[in-house]
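One-letter residues, chain by chain:
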Amino acid sequence: MPKTIKNVFELISSPRNIYGAYLNARQDKRYKKDVLKFSANLVDNLYRVRQRILAGDFQPGPYFEFYVYEPKCRLIMAQPFEDRVAQWAFCQVLNPLLEKGYITDSYASIRGRGQIRAVNRLHYWLRIVDKKNNTPCYPMEKVLQTLADAGWVCTEEKELAKFEKPGRKRPVLLNISRAMLSPNGLRELEQRARVTFPDAPEVEKWYSLKLDISKFYYRVSHEVLLRELERKISDQHVLAWARANLCNNNINFGLPPGKKPEEVPRDQRIPGRGMPVGALFSQMFSNFYLNPMDQFAKRRLGIQYYLRFADDTIILSNNKQQLHEWKETLGGFLNEELQLDLNEKVCIRPITLGIDFCGFKVWSNHIKMRKSTALRMKRNLKRVMDEYAAGEMDLPQAKEVVSSYMDLLSRCDSYELRKAIFGEYSDTEWTEGWFVLKHNSAKIEEHGE
């Protein structure tokens, strides 16, 4: 039986913890109006937050609602800054204690893990299961002979040998720096050159099962969540805080089954369901809510390659039928125990097609940025160029955006994309990219007036 969390309210309500909550809540937002207003009278405001917590006044104020449309429409609910400080006071104490009961391969909203760690973990697993298929084993002499017999002509012999065939518009580039080709490389070349290599080794087939929960944040059952919290937490002050934030007197969070956020007016949202997307406690509770599924998959079903980031779950297996059985079993567990449903995005595909996960597409031998992610990045960079040209954004702000995207690009195989956007400058190559920060004097004067 896991240890319960008890007697933490004194730590949560301590002045030191509340001041730390303020520092966390203002991170990257310290120059916003509500943060500046709170900070202008910091001592009194922190005292008021502490007195509210001590008095059991956990009911948050009204949310500010807005929609975001990338990659899909989401209803975001933002809280007043004072309520965010109070939430940080609870979450920064509770979350590390709850994390101790999570599986190793749960990555969302956990310090030291996150999106990039999840992608790297999946890539590591793919390299393991696909190692035989990426190990060179087929003689290059047979490759060259088979291509020649099929009418391919070698037109260039350097590090990359270029083969062309009459009537084919696209040449085939074949890396001849190695003595042999791997089964994966051989299979790819067969498809591109439309040839069949004699005695080609068989490729061991592995598949991925991607589970996605339908409208997860809007369909979380308050009854189930509070039941699980009561099993884990015995501190009644903490449970009262959780009830006050879930069962908000000012607003309902739930959506009817099959409905999208933009289709349901505020007065038609259902009680007893949902959590506000954008609230800190929603991130913490989402991991806690799905932890029973993680434990069931690892302990009861014995799934080795199981990874979850928020409500997206990836499972790997070389048995396609086994994946179908796990899909049905986990779907039934979600429905019966957690009152959730899988959506239409659930699919089983060969890993050779790549796995869409956390904004990237992951293969066993490389990682690419997903096309939709790259498109959003380009749009945002063009917006930065326009705002900087008009004087609506200063250089430090622009550099911060660029640095964040450069860091994201450095996490995957994105040389050509980086080169197209930012250019390439070296001793041997000088390529201009389309991203340039340049002031437009006429726009700045017009904006200044």
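Residues numbered from 1 in each chain as written. Predicted model: local features only at pLDDT ≥ 70, side-chain atom pairs only at ≥ 80, totals over all residues. Heavy atoms only, no water.

Participant: So what exactly am I meant to see when it comes to the environment of Asn 41 here?
Facilitator: Counting through the fold element by element, Asn 41 comes out in the loop between helix 3 (33-40) and helix 4 (42-54). Once the C-alpha coordinates of Asn 41 and Ile 315 are considered, the two residues, 274 residues apart in sequence, prove to be 51 Å apart. (Helix = DSSP H or I, 4+ residues; strand = E, 2+ residues; numbered from the N terminus.)

Participant: What's the story with the environment of Tyr 405 in this structure? I'm lost.
Facilitator: Structurally, the position occupied by Tyr 405 is in helix 15 (residues 395-410). Looking at Tyr 405, the relative accessible area reads 16%, which means it is buried. Sequence-wise, Tyr 405 and Ala 374 are 31 residues apart; in three dimensions their C-alpha atoms are separated by 9.9 Å. Once residues lying within four places of it in the same chain are set aside, the contact partners of Tyr 405 are Arg 376, Met 377, Asn 380 and Leu 381. (Buried < 20%, exposed > 50% of the residue type's maximum accessible area, 1.4 Å probe, protein only. Contact = heavy atoms within 4.5 Å.)

Participant: Please clarify how the packing of helix 15 against helix 16 (residues 415-422) should be interpreted in this entry.
Facilitator: Angle between the axes and distance between the axes: these two values describe a pair of packed helices. Between helix 15 and helix 16, the least distance of the axes is 10 Å, while the angle of their chain directions is 155°. Taken as axis vectors, helix 15 and helix 16 run roughly antiparallel relative to one another. Together, Val 402, Met 406 and Leu 409 of helix 15 and Leu 417, Arg 418 and Phe 422 of helix 16 make up the contact between the two elements. (Axes fitted to C-alpha atoms, helices over the stretch in contact; angles between N-to-C directions. Parallel < 35°, antiparallel > 145°, perpendicular 65-115°, else oblique.)

Participant: Can you help me understand the pattern of salt bridges in this one?
Facilitator: Under the counting rule described, the total for this entry stands at 15 salt bridges. The partner of Arg 84 in a salt bridge is Asp 34, with the nearest N and O atoms 3.5 Å apart. Remark: Asp 34 occurs in helix 3 and Arg 84 occurs in helix 5 (residues 81-99); sequence separation between them is 50 residues. Asp 294 is the partner of Arg 308 in a salt bridge, and the nearest nitrogen-oxygen pair spans 2.8 Å. With Arg 308 in strand 9 (residues 306-309) and Asp 294 in helix 12 (residues 280-300), the pair connects residues that are 14 residues apart, well separated along the chain. Residue Arg 308 shares its accessibility class with Asp 294, and that shared class is buried. When salt bridges that share partners are traced, they join Arg 48, Arg 52, Asp 57, Glu 82 and Asp 83 into one network. (Salt bridge = Lys/Arg side-chain N within 4 Å of Asp/Glu carboxyl O.)

Participant: Any chance you could explain the sheet that holds strand 9 here in plain terms?
Facilitator: For sheets, the rule is that strands pair by backbone hydrogen bonds, running either parallel or antiparallel. Strand order in the open sheet made by the four strands is 9-10-8-11, with antiparallel pairing throughout. Edge strands, defined here as strands with exactly one partner in the open sheet, are strand 9 and strand 11 (347-350). Here the strands of the sheet are splayed against their neighbours by 20° on average, with no regard to which way each runs. The sheet contact formed by strand 8 (residues 207-212) and strand 10 (residues 312-317) spans six bridges and is antiparallel. Paired with Ser 208 across the two strands is Leu 316, which belongs to strand 10. Contacting strand 9 and strand 10, helix 6 (residues 115-129) runs over the sheet at an angle of about 160° to strand 9. Across the face of the sheet, helix 12 comes into contact with strand 9 and strand 10 while running at roughly 175° to strand 9. (Pairing = 2+ DSSP bridges.)

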